[in-house]
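Examination of the molecular architecture
These are the residues of each chain, in order.
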Amino acid sequence: MFDSNPLTDNSNIFLAKLDRAGQLVWAQRFGGAGEDRGRAVAVDNEGNVIITGHFSQTIDLGSGPLTSRAENDILLAKFDGSGTVLWARQFGRDQFQTAADVACGDDGSIHGLVESLHMRWQRGEFTDGRYSDLIVRNLSSGANAIWAMNGTTPSGVTYALPTVSPGGCNWYIGATGDFNFDGSQDIVWHGPGCNAESIWFMNGTSYSFSGGSMPAVGPAWRMIGSGDFNHDLRPDIVWANDATSQLSIWYMNGGSFITDHVVQLPAGFTGAAVLRGAYLDYYDSVLARNPTTGENRLYNWGGSAYPVAQDPPFYIAMPAVGGTAWWPIGGGHYGDPTNFGLYNLDVLWASTNLTSIWTYTGGSSTGETFETNHVVSTPSPLVIAGPR
């Protein structure tokens, strides 16, 4: 133990220097009210110490307070050999990001490895704006487009995507996420009629190329979204089987399938959508629905590295929605842009030619506070196909 002071939150940054005999020379601890994590440390030729990691809310390493612009900002700081801070810098945008490693060059330059969590926390922001966007699909012609959103209202700006005829494959959009780690949301298609999947790798709002290496899936399984469930900072794909009340989580390495993990839900429930981060805590969740009773549950595995193969250990109840006319398809940020805190994530519900956006405000680790719902009309034969 470095000192007897209480921790300020669930994670602080610790920095210590020991001599060659392993005796403590000095130690520093930093932390505010948010999550603060040190990820890497390096020493330059002059004996100065450089640390990197991330922080949320406000932190002061001794050179003045830094306040995060996003849910988490990258932290980079330099200390002299006695542990006195020389400077501290932050880097970030309106998303969650961190730095994984740091190194010093012979000339004193500093090199960092950014491990962007933009994939994990990005919720359909194809236009790089403050709000999530919507993917619209024409079920008759197969035309697809991105609607740039201004909160819960379409901005009127539309970005055309390649046409995908449903054909015998019955192609539909099953997931979105940054599968090649370039900061852009990609789109995953599933064709149950031909047991095929394909990933559209995107450059912002523009299609770049198709790819992916994934196994065939039987007709009983529906793709319901993507999220990071093994905490490797890469999107995984989630499938639901209505008949067996099971989930199958495909752990992915970019666009390539690694292995799967099956989770049993309670009888009568089926997986409906994936909510990526920030609803309950830092971890992604599955929204399960009982179409008979209208009951909705948000299942969350918390800090478990892998979901257990049994009923998920924790869930919160969400408002019930009777019948099958409305179905959840995903989540995003459509509400107040000044209130993009750790826990507020809005939920998309789709019906025939209508989309209802449930906006939430505030919240805590036990769930959010429901605000209201906003209905967006989609003229026939258009449907909202994502984000998922």
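Quick look at the structure, then. (Residues numbered from 1 in each chain as written. Predicted model: local features only at pLDDT ≥ 70, side-chain atom pairs only at ≥ 80, totals over all residues. Heavy atoms only, no water.)

1. Overview of the environment of Asp80
The criterion, for reference: Think of it this way: any DSSP run of H or I at least four residues long counts as a helix, any run of E at least two long counts as a strand, and we number them from the N terminus. The rule is simple: take the accessible area with a 1.4 Å probe, protein chains only, and divide by the maximum for that residue type; under 20% is buried, over 50% is exposed, in between is partly exposed. By the convention used here, residues are in contact when the closest approach between their heavy atoms is within 4.5 Å.
Its location among the elements puts Asp80 in the loop between strand S7 (73-79) and strand S8 (85-91). Given a relative accessible area of 21%, Asp80 falls into the partly exposed group. For the pair Asp80 and Asn48, spaced 32 residues apart in the sequence, the C-alpha separation amounts to 4.4 Å. Contact partners of Asp80, with chain neighbours within four places excluded, come to Trp26, Gly47, Asn48 and Leu86.

2. Comments concerning the nonpolar core
The tendency in soluble globular proteins is for nonpolar side chains to be buried as a group. For clarity, the threshold we go by: Definition of nonpolar core: a set of buried residues of the types Ala, Val, Leu, Ile, Met, Phe, Trp, Tyr and Cys, connected through side-chain atoms within 4.5 Å.
Grouped together as the largest cluster of nonpolar side chains are 15 residues, with contacts concentrated most on Ile51, Ile59, Leu61, Leu75 and Phe79. At the level of secondary structure, the elements contributing two or more residues to this core comprise strand S1 (13-18), strand S2 (24-30), strand S4 (49-55), S7 and S8.

3. Details of the environment of Gly271
As for its position among the elements, Gly271 is in strand S22 (residues 270-275). Once residues within four sequence positions are removed from consideration, Gly271 is found in contact with Arg222, Ile224, Ala240, Leu247, Leu265, Val286, Leu287 and Ala288.

4. Considering the pattern of salt bridges
Pairing between side chains of opposite charge can happen when the charged atoms of each approach one another. To be explicit about the condition: A carboxyl oxygen of Asp or Glu within 4 Å of a side-chain nitrogen of Lys or Arg is what we treat as a salt bridge.
Applying the stated criterion across every chain, the model contains three salt bridges. We note a salt bridge from Asp44 to Lys78, for which the minimum N-O separation is 3.9 Å. You can see Asp44 sitting in the loop between strand S3 (36-43) and S4 and its partner Lys78 sitting in strand S7, a full 34 residues away along the chain. With a relative accessible area of 16%, Lys78 lands in the buried category. Note that Arg222 and Asp242 form a salt bridge whose closest N and O atoms lie 2.8 Å from each other. Highlighted residues: Arg222 in strand S18 (residues 221-227) and Asp242 in the loop between strand S19 (236-241) and strand S20 (246-253), separated in sequence by 20 residues. According to the relative accessible area criterion, Asp242 is partly exposed, its value standing at 44%.

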